[in-house]
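# Summary of the model geometry
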Amino acid sequence: MAETSHRTTALEGVVEITRRPHGDHRGRFLNVFRREDWSQLWGGDRPIEQVNLSHNPSPGTLRGLHLQRGAPPELRLVTCVVGRVWDVAVDLRPGSATRGHWVAVDLSAEAGNSLLIPTGCAHGFQVLEPDSTLLYLHGAPYRPSEETGVRWDDPQLGIDWPMQPRDLSERDRSLPLLESLP
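Notes on the structure follow. No experiment lies behind these values; they were computed from the predicted model shown.

Below, the discussion takes up the environment of Pro-130. Assignment of secondary structure puts Pro-130 in the loop between β11 (121-127) and β12 (132-138). Pro-130 sits 73 residues away from Pro-57 along the chain, and the two C-alpha atoms are 5.1 Å apart.

On to the nonpolar core. Leu-65, Val-90, Leu-92, Ile-159 and Trp-161 are the most contacted members of the largest nonpolar core, which has 17 residues in total. Sorting the residues of this core by element identifies β6 (62-68) and β8 (84-91) as the ones contributing at least two each. Residues contacting Leu-92, with those up to four places away along its chain left out, are Leu-67, Arg-69, Arg-99, Gly-120, Cys-121, Ala-122, Gly-149, Val-150, Leu-178 and Leu-181. Val-14, Ala-89, Ile-117 and Leu-134 belong to the second largest nonpolar core, which has 16 residues in total.

On the surface, a cluster of nonpolar side chains totalling about 250 Å² of accessible area is made up of Leu-53, Val-81 and Val-82. Mapping Val-82 onto the fold places it in strand β7 (residues 76-82).

On to the pairing of β12. Extensive coverage of β12 is indicated by the burial of 7 of its 7 residues. Side chains Ser-132, Leu-134, Tyr-136 and His-138 of β12 all project onto a buried face; the interleaved residues Thr-133, Leu-135 and Leu-137 project onto the opposite face, where all are buried too. Sheet topology note: the strand β5 (residues 50-56)/β12 ladder contains 7 bridges and is antiparallel. Looking across to β12, one finds that Gln-50 is bridged to His-138. Two strands pair when backbone bridges link them, and β7 and β12 are joined in this way by 6 bridges, in the antiparallel orientation. Residue Leu-77 lies in a different strand from β12, and its bridge partner there is Leu-137.

The rules behind the values
- Residues numbered from 1 in each chain as written.
- Predicted model: local features only at pLDDT ≥ 70, side-chain atom pairs only at ≥ 80, totals over all residues.
- Heavy atoms only, no water.
- Helix = DSSP H or I, 4+ residues; strand = E, 2+ residues; numbered from the N terminus.
- Core = buried A, V, L, I, M, F, W, Y, C linked by side-chain atoms within 4.5 Å.
- Buried < 20%, exposed > 50% of the residue type's maximum accessible area, 1.4 Å probe, protein only.
- Contact = heavy atoms within 4.5 Å.
- Patch = residues over 30% accessible without salt bridge, like charges linked within 9 Å, V, L, I, M, F, W, Y side chains within 5 Å.
- Areas by Shrake-Rupley, 256 points an atom, 1.4 Å probe, with all protein chains shown as cover.
- Salt bridge = Lys/Arg side-chain N within 4 Å of Asp/Glu carboxyl O.
- Pairing = 2+ DSSP bridges.

What follows is the structure, encoded as C-alpha cells:
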C-alpha cells in the first residue's frame, strides 16, 4: 500500500499531500483520492462535485488566481498528473490573519504530490514543463455567477512567479486587485 504524508503550510487549511507511488517494471500506480483517507482533510464526508483536467502545453503559461464563493463552499484538491507546475494558493478569507498571504508548492507527476486548497483561498499555477496536466477534484459544483479571484500580478500580494508569465486569459488579466475584494 502506498504511503501518504501531509505537510501543513503557512496558510491554515492549505495542505500539501504526498503519496509514494507503487512501481515496478510495468510502470507506476498512484492512488490520488480515497474518501476514507481524506475526510479529515476535506472537513468531513463532503462529496466530490466535479472533476476537471487542465492540459497546458507551454511552459510559462499562467492560470489564475481563481476563487468560487457561495454555498456550498468550494474547496479543491489539485494534482499534477503529467509534467510539473508551480501551484499557488492565496488566502482571501475575510478576517483571516493571513489574508493576502500566499504559499506555493512545486507539484509534479514524479513527486506524486497534491495541494488541498480550502474554502476562501484562490488558486493559480504556472506551467514549468511542456504538456503539463492537472487533475482537480472540486467540493462544489461550478457556478459561474459566483466566480471571482485576484490578479496574478497584484503588487500587494507580491507573488514571485518562477518564469515570465505568458498566455494569460483576458479573464485572468482583468481579475480585481486584493484591495477591492470584500
